[in-house]
Amino acid sequence: MELLSTQELLERVGKMINSSVERIVVLTGKLSELLAQDLLRKAASGIDVTLITSDLNWGRWLENRAKGYMREEEEKISKEIKKLSESIELYSRLPWIVLVLVGAIWIVLFLRRLGQLEIIGSIVVGLAVFSYVFYFSYKRRRDCKEEITVKVENRKRMSEEYKGIRESLAKKMHVIEVDFDISFSVVISDSSAIITSTPLETESERGYHVITELSSEDAIKITNFISSTRSLKRP
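Since the structure is predicted, the reported quantities are computational estimates derived from the model, not experimental observations.

**Q** Before we move on, could you go through the overall build of the protein and cite the residues and values that matter?
**A** Looking only at helices and strands, the protein features six helices and seven strands. Moving toward the C terminus, one meets the helices and strands of the protein in the order β-α-β-α-β-α-α-α-β-β-β-β-α. Taking 2.2 N^0.38 as the reference for a compact globule, 235 residues should give roughly 18 Å; the C-alpha atoms of the protein span a radius of gyration of 32 Å, well beyond that estimate. Its C-alpha atoms put the protein at 105 × 35 × 35 Å along the principal axes. Expressed as a percentage of its 235 residues, the buried residues of the protein come to 38%. At a minimum sequence separation of 6, the contacts of the protein that also span at least 24 residues come to 77%. Working note: accessible area of the protein is about 14500 Å², and carbon and sulfur atoms make up 57% of it. Averaging the coordinates of the 35 positive side-chain charges in the protein and doing the same for the 34 negative ones gives two points 10 Å apart.

Structure below.
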């Protein structure tokens, strides 16, 4: 049995999780964001991870992240591609909109019976404006198309890369919710196991906590008992 400060306890738990190569089992009433991220990362790397908790917030966050890992980033790229496509459509129409406006100005000037020099000048200016807008529109469309090509390739690469991670998370990330408070924590990392007197969310708390090493068999008995006592039914 040991007496550790909060920081020392969390560092101990972090080392156990990060050093795991086969399995991680965590039983706790509450967990921190850092711990949740560590568990997600280990499951993504292929380590079998089981979390038993009454912390619905982080428990369900882990489940949702396991199902939709990095989908937000893929959706963000898809929205950017859609926006670029809309920009291409706008730039395709822009020269003809300008041409209609220039033509309307020419008609107004012609009806005003301006002198030949004024009419020729307006035609030259109008053609110059149209030519500039046409070139600008062409250049912007080309830039947008090149950017779309890059983003499509990135989205495809991300989809292929994250598909394997999602499959690994679906197989390796297990969350068991219970509907009663858990006032202690058990951490199992491969063949090592500890039991401690506090939930694993007290990152900023100053205090001391009892920690005891267990055999992995005894620790599994505790986690199995808790997980089978009363599982939480989803609403």
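**Q** Can you explain the pairing of strand β6 (residues 192–196)? Please cite residues and give values.
**A** In this structure, strand β5 (residues 185–189) lies alongside β6, joined through five bridges in antiparallel fashion. Looking at β6, one finds that I188 is bridged to A193. In this antiparallel pair of consecutive strands, β5 and β6, the connection spans two residues, and D190 shows a positive phi of 55°.

**Q** If you had to explain helix α3 (residues 56–67) to someone new, which residues and values would you point to?
**A** When the terminal C-alpha atoms of α3 are compared, their 16 Å separation across twelve residues agrees well with the 16 Å that a helix rising 1.5 Å per residue should span. Buried within α3 we find G59, L62, R65 and A66. Down the axis of α3, the smallest arc covering the buried residues is 130°, so these residues share one side. Across α3 from its buried face, at more than 90 degrees, point the exposed residues N57, N64 and K67. Between a side-chain oxygen at the N-terminus of α3 and the backbone nitrogen of N57 the separation is 3.2 Å; the capping residue is D55.

**Q** Please provide a residue-by-residue account of the pairing of strand β2 (residues 23–28), values included.
**A** Most of β2 is tucked away: five of the six residues are buried. The handedness of the β2 to strand β3 (residues 48–53) crossover, carried by helix α2 (residues 33–44), is right-handed. Sheet analysis places β2 next to β5, joined by four bridges and oriented antiparallel. Within β5, the residue paired with I24 across the bridge is S189.

**Q** Which residues make up α2, and what values do they have?
**A** Given a rise of 1.5 Å per residue, twelve residues ought to cover 16 Å, and the 16 Å separating the end C-alpha atoms of α2 matches this to within 8%. For α2, the set of buried residues is L35, A36, D38, L39, L40, K42 and A43. At the C-terminal side of α2, G46 shows a positive phi close to 105°.

**Q** Explain the sheet that holds strand β1 (residues 2–5) to me, and be specific about the residues and the numbers.
**A** Ordered in space as β1-β7-β6-β5-β2-β3-β4, the seven strands form an open sheet in which the pairing is mixed. At either margin of the open sheet sits one strand with a lone partner, and together these are β1 and β4 (173–177). Along the sheet, successive strands turn relative to each other by an average axial angle of 20°, direction set aside. The pairing of β3 with β4 spans five bridges and is parallel. Paired with L51 across the strands is V175, a residue of β4. Along the sheet, α2 contacts β2, β3 and β4; its crossing angle with β3, the most-contacted strand, is approximately 150°.

**Q** Please give an account of the packing of helix α1 (residues 6–19) against α2 that cites residues and values.
**A** The packing of two helices is summarised by the inter-axis angle and the distance between the axes. Where α1 meets α2, the closest approach of the two axes is 10 Å, and the angle between their N-to-C directions is 10°. It follows from the interaxial angle that α1 and α2 lie roughly parallel. Contacts between α1 and α2 pair V13, I17 and N18 from the former with L35, D38, L39, R41 and K42 from the latter.

Calculation criteria
Just so you know, the residues in each chain are numbered from 1, in the order the chain's sequence is written. Restriction of local features to residues with pLDDT of at least 70 applies here, the model being predicted, together with a cutoff of 80 or more for giving and counting side-chain atom pairs; totals for whole chains, interfaces and linings are based on all residues. For side-chain calculations, the full set of non-hydrogen atoms in the structure is used, while hydrogens and water are omitted. The way it works is that DSSP assigns letters per residue, a run of H or I at least four long becomes a helix, a run of E at least two long becomes a strand, and they are numbered from the N terminus. This radius of gyration counts C-alpha atoms alone. The globule rule is 2.2 Å times how many residues there are, raised to the power 0.38. Buried means the residue's accessible area, taken with a 1.4 Å probe over protein chains only, is under 20% of the maximum for its type, while exposed means over 50%, and partly exposed covers the values in between. The contact definition used throughout considers only heavy atoms, calling two residues in contact when any of these lie within 4.5 Å. The accessible surface values rely on the Shrake-Rupley method and a 1.4 Å probe; as for residues, cover is taken only from the protein chains in view. We treat Lys and Arg as the positive residues and Asp and Glu as the negative residues; His and chain ends play no part in the count. Charge positions come from single atoms, namely NZ of Lys, CZ of Arg, CG of Asp or CD of Glu. A pair of strands is treated as paired once DSSP finds two or more bridges between them. Expected span of a helix, by definition, is 1.5 Å for each gap between consecutive residues, and there is one gap fewer than residues. Note that the arc is defined by the directions from the helix axis to the C-beta atoms. For the purposes of these results, a polar contact is taken to be a pair of N or O atoms within 3.5 Å, where, inside protein, one atom must be able to donate a hydrogen and its partner to accept one; residues adjacent in sequence count only when each atom of the pair is a side-chain atom. The definition of a right-handed crossover adopted here requires that, viewed with the strands pointing away, the path from the first strand over the helix to the second runs clockwise. Structural elements are reduced to axes, namely lines fitted to C-alpha atoms, with helices fitted over the stretch in contact, and the angle between N-to-C directions of any two is expressed from 0 to 180 degrees. Put simply, angles under 35 degrees are roughly parallel, angles over 145 are roughly antiparallel, angles from 65 to 115 are roughly perpendicular, and the rest are oblique.

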